[in-house]
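Breakdown of the fold
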Amino acid sequence: MSEYDTPTAPARILVVDDDPTVAEVVGSYLERAGCSVEHAVDGTDALLRAERRWPDLVVLDLMLPGLDGLEVCRRLRARRPVPVIMLTARGDEDDRITGLEVGADDYVTKPFSPRELVLRVESVLRRTRAAAAPGNTGPLLRAGDITVDPATRRATRAGRELALTLREFDLLAYFLGRPCAVHSREELMREVWGWDFGDLSTVTVHVRRLRAKIEDDPARPRFVRTVWGVGYSFEPESDGEPENDGEAA
């Protein structure tokens, strides 16, 4: 989780793109929005700059010379949690899903609207700052042997800590706070991500990642159930047969 010097300190954004025109446009829009922007020209440069001054968010191009964006995202997330919004010229769904699988929070396909990108960046920053704010407390959330502590942002199952990303934690806390309710992917995108727009496969991938960490058999989930044609439901007491995994229609 990013730490801020003061509550009003400009957000530190690392823009990683080998196209100077794209980097200049993105950086200009983000600076007008009040952010402090640093530019890296390739993956190696990005890792070095992040190590020297850890960013609050990374805008990361997928196609980079040397280390590609996927590998950069993997290495950044292995060091510390950091929100990542990926940029790519590719429209292939497999690339988009892969980016989300390695930990990207969102995926924007070129050509894109710089204003829309700024809105997404601001939305992510609001969520991460709210999570980091002192006094961000709440009651313990429990379901079976799963416990979530919003105050410390720790989640455990059977006493063992779960290694969740920021968004996975928020998703699990949202589910536990509303057991048995059915949630559409649009609702989860709005309430957990704070976005009224975006690629709904982001939700699908994060549900799959969460299942991999809390389910005994992610392919036959007991807790996070798919409600066909609607979305997902979290079942805190699941004594029946696990379902075959699938995605919400």
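Keep in mind that this is a model prediction, so the values were computed, not measured. (Residues numbered from 1 in each chain as written. Predicted model: local features only at pLDDT ≥ 70, side-chain atom pairs only at ≥ 80, totals over all residues. Heavy atoms only, no water.)

**Comments concerning the environment of Arg129**
Summarising the element assignment, Arg129 is placed in helix α5 (residues 114-132). Take Arg129: its relative accessible area is 27%, and that puts it in the partly exposed class. The spatial distance from the C-alpha of Arg129 to the C-alpha of Asp56 is 9.4 Å, given a sequence separation of 73 residues. (Helix = DSSP H or I, 4+ residues; strand = E, 2+ residues; numbered from the N terminus. Buried < 20%, exposed > 50% of the residue type's maximum accessible area, 1.4 Å probe, protein only.)

**Comments concerning the packing of helix α2 (residues 43-52) against helix α3 (residues 69-79)**
Two elements in contact, α2 and α3, have axes separated by 10 Å at closest approach and are oriented at 20 degrees. In terms of orientation, α2 lies roughly parallel with respect to α3. The chirality of how α2 crosses α3 is right-handed. On α3, the residues touching Gly43, Ala46, Leu47, Ala50 and Glu51 of α2 are Val72, Arg75, Leu76 and Arg79. Here the residues of the contact of α2 with α3 are counted per class, giving 5 nonpolar, 1 polar and 3 charged. (Axes fitted to C-alpha atoms, helices over the stretch in contact; angles between N-to-C directions. Parallel < 35°, antiparallel > 145°, perpendicular 65-115°, else oblique. Left-handed = near helix turned anticlockwise from the far one by under 90°. Contact = heavy atoms within 4.5 Å. Nonpolar A, V, L, I, M, F, W, Y, C, P; charged D, E, K, R; others polar.)

**Some words on the packing of aromatic side chains**
What characterises a pair of aromatic rings is the spacing of the ring centres plus the angle enclosed by the ring planes. This structure, assessed with the given rule, holds 2 aromatic pairs. Seen from their ring centres, Phe175 and Phe234 are 6.2 Å apart, and the 20 degrees between their planes marks the pair as stacked. With Phe175 in helix α6 (residues 166-177) and Phe234 in strand β12 (residues 231-234), this residue pair connects regions lying 59 residues apart in the sequence. On the basis of relative accessibility, which here comes to 0%, the residue Phe234 falls in the buried class. Here the aromatic rings of Phe223 and Phe234 are separated by 5.7 Å at their centres, their planes lie at 15 degrees, and the arrangement is stacked. Of the two residues, Phe223 is situated in the loop between α8 (201-214) and β11 (224-227) and Phe234 in strand β12; the sequence distance between them amounts to 11 residues. The exposure class of Phe223 is buried, given its relative accessible area of 9%. Taken together, the ring pairs connect Phe175, Phe223 and Phe234 into an aromatic cluster. Directly above the ring of Tyr29 sits Arg32, whose terminal nitrogen or CZ lies 4.7 Å from the centroid. (Phe/Tyr/Trp six-rings, centres within 6.5 Å; stacked < 30°, edge-to-face > 60°. Lys NZ or Arg CZ within 6 Å of the ring centre and 35° of its normal.)

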